[in-house]
Amino acid sequence: MKQNQKIVAKNSEEKEFFSEEKLRASLHSCGATNKQADLIIKQLNPQIYNGISTDEIYKKAFLILKKIDRSFASRYSLKRALFALGPTGYPFERLIGALLREKGYKTEVGVVLQGNCVTHEIDVLAEKDGNVYVIECKFHSDPNTTSNVKVPLYINSRFLDVQHHWNSSSNITRLKQGWLITNTRFTKDAIEYGNCIGLTLLSWDYPKGNSIKTNIDNYGLYPVTALTTLSKKEKQQLISTDIILIKELYTNLHVLQGLNISTKRIQQTKIEIGKLLHIDNFSHETTKKQ
């Protein structure tokens, strides 16, 4: 242990040493440059004390990022924004459906399918190139909740029941595979079992290079809960009108007027959306109108 090295308390009640490298990596992942990351770390270092929580470090970094660029803060808060989609799992299912459409799948959310033994409610049904995929979405509001091996065991048994009935019927398409997607994490056993039986797994950070976080960043599928210009109540009001993604808000900006949001904040929200979606002309034009 280095002299004066601080201990950080994680949400899982585990403890670890404060790492500038980890913080720098998270700042870079949300868009901050090396110079900006250096500035943030320089401001944060004097505020880091022994026993500080990861939540407090996040809040301090988030406030600084928001002053530099709101879109950086939005990306930085993505993990928490996914949790804020609750309490029901439907908005998360909608997000996953949108992600699959970006990848060329036709999707339906909330489908009831007949199995060989019983009927099953399927979160997302996806079809591509004549193959159909049954997708179960496990949404959790608690970041410490993980999916252990029992979850893919259960999901696979449901998939096999539906697959047997589907493929023995007169369907033109073939029910090929089951998927299990969660906004938290899988245990090692869950991943090993899923890989063994051919169940596609997708979580916040798995698989590397194709995780939920990576896909959201790549396709700009940020939930409205990531926006820093709107209040928690306003975000929930948008979700209640079935506007889950900022891409959907972008094409329905008029709804913000119905929420009694000031013209100034609507303009700020437009700019934030423009930067998150890399719509340069949109952000530029909006800035000119202010």
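Everything below is about the structure printed above this text.
Notes on the structure follow. (Residues numbered from 1 in each chain as written. Predicted model: local features only at pLDDT ≥ 70, side-chain atom pairs only at ≥ 80, totals over all residues. Heavy atoms only, no water.)

Within the chain one finds 14 helices and 10 strands. A compact globule built from 290 residues should have a C-alpha radius of gyration of about 19 Å, and the chain, at 21 Å, falls within 12% of that. In terms of principal-axis extent, the alpha carbons of the chain reach across some 65 × 55 × 30 Å. Among the 290 residues that make up the chain, the fraction classed as buried is 46%. A separation threshold of at least 6 residues defines the contact pool for the chain, and within that pool the share at least 24 residues apart is 55%. Accessible surface, the chain as shown: approximately 15200 Å² in total, 50% of it carbon and sulfur. In the chain, which carries 40 positive and 29 negative side-chain charges, the distance between the mean positions of the two groups comes to 7 Å. (Helix = DSSP H or I, 4+ residues; strand = E, 2+ residues; numbered from the N terminus. Rg over C-alpha atoms; globule rule 2.2 N^0.38 Å. Buried < 20%, exposed > 50% of the residue type's maximum accessible area, 1.4 Å probe, protein only. Contact = heavy atoms within 4.5 Å. Areas by Shrake-Rupley, 256 points an atom, 1.4 Å probe, with all protein chains shown as cover. Lys, Arg positive; Asp, Glu negative; His and termini not counted. Charge placed at Lys NZ, Arg CZ, Asp CG, Glu CD.)

So, on to the nonpolar core. The nonpolar side chains of soluble globular proteins are, as a tendency, buried together. Core analysis: the biggest nonpolar cluster contains 41 residues, and I135 and L249 have the highest contact counts within it. No other element matches helix 6 (residues 90-102), which puts six residues into this core. Aside from chain neighbours lying at most four places away, what touches L249 is V224, L227, L230, L238, I243, V255, L256, T269 and I273. Counting 21 residues, the second-largest nonpolar core is a separate cluster that includes C30, A37, F62 and A73. (Core = buried A, V, L, I, M, F, W, Y, C linked by side-chain atoms within 4.5 Å.)

Bringing the sheet that holds strand 1 (residues 7-9) into the picture now. On the basis of which strands lie adjacent, the open sheet formed by three strands has the order 2-1-3 and mixed pairing. This sheet does not close on itself; its edge strands, each paired only once, are strand 2 (15-17) and strand 3 (52-53). Bridging between strand 1 and strand 2 involves three bridges; their strand directions are antiparallel. For V8, the partnering residue across the bridge sits in strand 2 and is E16. (Pairing = 2+ DSSP bridges.)

Counting buried positions along strand 6 (residues 131-138) gives seven out of eight residues, so the element sits mostly inside the fold. Relative to strand 6, strand 5 (residues 119-128) runs antiparallel, the two being bridged by five bridges. Across the sheet, K128 pairs through a bridge with N131, a residue of strand 6. Between the end of strand 5 and the start of strand 6, which pair antiparallel, lie two residues, with D129 showing a positive phi angle near 55°. With eight bridges joining them, strand 6 and strand 8 (residues 174-182) adopt parallel strand pairing. Bridge pairing links K138 to T182 in strand 8.

Of the volumes computed, that of the largest pocket is approximately 1300 Å³. Among the elements of the structure, strand 2, helix 1 (20-29), helix 3 (54-68), helix 4 (70-76), helix 5 (78-83) and helix 9 (212-219) are those that each provide at least two residues to the lining of the largest pocket. Sorting elements by how many residues they give to the lining of the largest pocket places helix 1 first, with five residues. Within the lining of the largest pocket, the residues separate by chemical class into 13 nonpolar, 13 polar and 12 charged. One number sums up the size of the second largest pocket: a volume of about 370 Å³. Forming the walls of the second largest pocket are 18 residues, and the residues nearest its centre are Y58, F62, S77, T225 and K235. Among the elements of the structure, helix 3, helix 5 and helix 10 (232-240) are those that each provide at least two residues to the lining of the second largest pocket. (1 Å grid on protein atoms, 1.4 Å probe; cavity = no way out; pocket = protein on both sides within 12 Å on 5 of 7 lines; lining within 4 Å. Points joined across faces, edges and corners; volume = space filled by probe spheres on them. Nonpolar A, V, L, I, M, F, W, Y, C, P; charged D, E, K, R; others polar.)

In this section: helix 13 (residues 263-276). Helix length check: helix 13, at 14 residues, gives a terminal C-alpha distance of 20 Å against a target of 20 Å (1.5 Å per residue), a fit within 8%. Here helix 13 has its buried residues at I266, Q267, T269, K270, I271, E272, I273, G274 and L276. H278 occupies a position one or two residues after helix 13 and carries a positive phi of about 60°. (Expected span 1.5 Å × (residues − 1).)

Using the criterion set out here, one finds one cavity of 30 Å³ or more in the structure. As a volume, the largest cavity reaches approximately 40 Å³. The wall of the largest cavity is formed by I122, V134, E136, I155, R158 and F159. Among the secondary structure elements, those contributing two or more residues to the lining of the largest cavity are strand 6 and helix 7 (150-168). With three residues, helix 7 is the single largest residue contributor to the lining of the largest cavity. Residue classes in the lining of the largest cavity are distributed as four nonpolar, no polar and two charged.

As a further point, take the environment of K6. Considering the arrangement of structural elements, one finds K6 in the segment before strand 1. On the accessibility criterion, K6 (28% relative accessible area) is partly exposed. Those residues in contact with K6 that lie beyond four places of it in its chain are E16, F17, F18, I48, Y49 and N50.

Next up on the list: the packing of helix 7 against helix 8 (residues 188-197). At a closest axis distance of 8 Å, the pairing of helix 7 and helix 8 adopts a crossing angle of 25°. By the angle between their axes, helix 7 is roughly parallel relative to helix 8. Residue-level inspection shows P152, L153 and N156 of helix 7 in contact with helix 8, the latter providing A190, Y193 and I197. Per-class residue counts for the contact of helix 7 with helix 8 are five nonpolar, one polar and no charged. (Axes fitted to C-alpha atoms, helices over the stretch in contact; angles between N-to-C directions. Parallel < 35°, antiparallel > 145°, perpendicular 65-115°, else oblique.)

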